[in-house]
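# Remarks on the overall topology
What follows is the residue order along each chain.
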Amino acid sequence: MRDTAPAPHADRREQNAARLLRASARHSFDPLTEIDWDAPIDPDHFALPQHRVTLYGTPLWESLTPRQQARLSVHQLASATAAGIWFELVLMEGLIRHVYEGDLTTRHAQYALTEVADECRHSTMFARYIAATGYPSARPSAKAHRRGKLHFLLNDTAITFAGAIFVEEFTDAMQREMVRDESLQPLARAVARIHVVEEARHIGYAKPELERIWARMGPARRAVFRRGLLVLARLAVAELVHPRVYALSGLDVRAAERAAAANEHWRLARVDWARKALAFFTDLGVVDHRTAPHWRRAGLLD
Ligand SMILES: [Fe+2]
Ligand SMILES: [Fe+2]
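So, a few notes on the structure that sits alongside this text. From a predicted model like this one, the values you see are computed outputs, not experimental measurements.

Glycine aside, negative phi is the norm for most residues, and most peptide bonds take the trans geometry. Of note in this structure, N155 is not a glycine but carries a positive phi near 45°. One can find N155 in the loop between α6 (142-154) and α7 (157-180). Judged by its relative accessible area of 23%, N155 is partly exposed.

A separate point is the coordination of the iron ion (ligand 2). The iron ion (ligand 2) binds to the protein through E119 (OE), E168 (OE), E199 (OE), E199 (OE) and H202 (ND1), with metal-donor distances spanning 1.9 to 2.4 Å. Considered as a linear motif, the donors of the iron ion (ligand 2) on their single chain read E-x48-E-x30-E-x2-H. Separation of the iron ion (ligand 2) from the iron ion (ligand 1) amounts to 3.6 Å, with E119 serving as a shared donor to the pair. Here E199 pairs with H202, and both are found in helix α8 (residues 186-216), just 3 residues apart, close to one helical turn. Classification of E199 as buried rests on a relative accessible area of 3%.

The residue S141 is located in the loop between α5 (107-133) and α6 in this model. With relative accessibility at 18%, the residue S141 sits in the buried group. A distance of 3.2 Å separates a polar side-chain atom of S141 from the backbone nitrogen of A144. Once residues within four sequence positions are removed from consideration, S141 is found in contact with E239 and H242.

Quick look at the packing of α8 against helix α12 (residues 264-284) now. Running from amino to carboxyl end, α8 crosses α12 at an angle of 25°, the nearest separation of the two axes being 11 Å. On the basis of their axis angle, the class for α8 and α12 is roughly parallel. The crossing of α8 and α12 is right-handed. Contacts from K207, L210, E211 and W214 of α8 reach α12 at F280, F281 and L284. Of the residues belonging to the contact of α8 with α12, the class tally is 5 nonpolar, no polar and 2 charged.

Our next topic: a nonpolar patch on the surface. On the surface, a cluster of nonpolar side chains totalling about 230 Å² of accessible area is made up of I96, L104 and L113. As for its position among the elements, L113 is in helix α5.

Another point: the nonpolar core. When a protein is soluble and globular, its nonpolar side chains tend to lie buried together. In terms of nonpolar packing, the biggest core is built from 92 residues, with F166, F281 and W295 touching the most fellow members. Ranked by residues supplied to this core, first place goes to helix α4 (residues 66-101) with 15 residues.

Another point: the packing of helix α1 (residues 8-26) against α5. At a minimum axis separation of 8 Å, α1 and α5 run at an interaxial angle of 35°. In terms of crossing hand, the pair formed by α1 and α5 is left-handed. Between α1 and α5, the residues in contact are R13, E14, A17, A18, L20, L21 and S24 and R107, H108, Q110, Y111 and T114, respectively. Grouping the amino acids of the contact of α1 with α5 by side-chain chemistry returns 5 nonpolar, 4 polar and 3 charged.

What follows concerns the layout of surface pockets. In this model, the largest pocket occupies a volume close to 490 Å³. Forming the boundary of the largest pocket are 21 residues, of which R234, V237, A238, E239 and V241 lie nearest the centre. Of all the secondary structure elements, the ones that give two or more residues to the lining of the largest pocket are α6, α9 (219-238), α11 (253-261) and α12. Here the element with the most residues in the lining of the largest pocket is α9; it accounts for 5 residues. Per-class residue counts for the lining of the largest pocket are 12 nonpolar, 3 polar and 6 charged.

How each quantity is defined
- Residues numbered from 1 in each chain as written.
- Chains lettered and ligands numbered in written order.
- Predicted model: local features only at pLDDT ≥ 70, side-chain atom pairs only at ≥ 80, totals over all residues.
- Heavy atoms only, no water.
- Helix = DSSP H or I, 4+ residues; strand = E, 2+ residues; numbered from the N terminus.
- Buried < 20%, exposed > 50% of the residue type's maximum accessible area, 1.4 Å probe, protein only.
- Donors = N, O, S within 2.8 Å, 3.2 Å for Na, K, Ca; no water.
- Polar contact = N/O pair within 3.5 Å; in protein donor to acceptor, adjacent residues only side chain to side chain.
- Contact = heavy atoms within 4.5 Å.
- Axes fitted to C-alpha atoms, helices over the stretch in contact; angles between N-to-C directions.
- Parallel < 35°, antiparallel > 145°, perpendicular 65-115°, else oblique.
- Left-handed = near helix turned anticlockwise from the far one by under 90°.
- Nonpolar A, V, L, I, M, F, W, Y, C, P; charged D, E, K, R; others polar.
- Patch = residues over 30% accessible without salt bridge, like charges linked within 9 Å, V, L, I, M, F, W, Y side chains within 5 Å.
- Areas by Shrake-Rupley, 256 points an atom, 1.4 Å probe, with all protein chains shown as cover.
- Salt bridge = Lys/Arg side-chain N within 4 Å of Asp/Glu carboxyl O.
- Core = buried A, V, L, I, M, F, W, Y, C linked by side-chain atoms within 4.5 Å.
- 1 Å grid on protein atoms, 1.4 Å probe; cavity = no way out; pocket = protein on both sides within 12 Å on 5 of 7 lines; lining within 4 Å.
- Points joined across faces, edges and corners; volume = space filled by probe spheres on them.

Structure follows, in structure tokens:
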């Protein structure tokens, strides 16, 4: 018997973690055996809905044949998938450190390791997808690589969880569209389906954690945190489309980047995919009247 009653928040935290552990036991997938990696890829299948490709609707888009447009969508998804690996590696490191500071007899710490196990499988699955499409690398840009190392040094738990909420909600929205669209490449949809199921739990773990940490932050720390999250979100979204996506499609990289930056369809895609995360951050007060204009300028908020 314990001689002191646990704090109510610790109870809630343990109950949430126990629920997530039960859900993990019921619905976890091994992508190496669940997915048919040897099935041929149809070169005419899009990997993303057409209107979600960065150049959709621009003169550059019209200059491509339907097959080239489909290929561009596959490169864009492969690049976004490489960004996903980059982020998952940073997140896993943050979760391991979170466990290191905690006690593995708690459900909360046990769930953190369960999430690391999920992300290990995801990153391997993502790498298999990238290789299957012929996209040449799963490495992030040099800038993201350096920023990831900086995060390893800073090890800010609040940023780890907030970053997880932003990236996981964003990816979730994109992948749910892919799962719904039966015209898309079956391999891309199979990867998305597994990821969507397992990521819902990760979001359910990160949100109450961030709420708890945020409630204890003073005004000065909150001000720094608001800026830090904006920097991370901008970087994560920029990382979605590596310049090689355009080079591989035979396009002039500078011209393609300019066209994408000015493309209203692409701005809407980012706003739509960021919507749930931004609603959560706004409710919590992480995005406020001072920082909202920066999120708007980044093309992540209407
Ligand atoms: Fe994941
Ligand atoms: Fe995740």
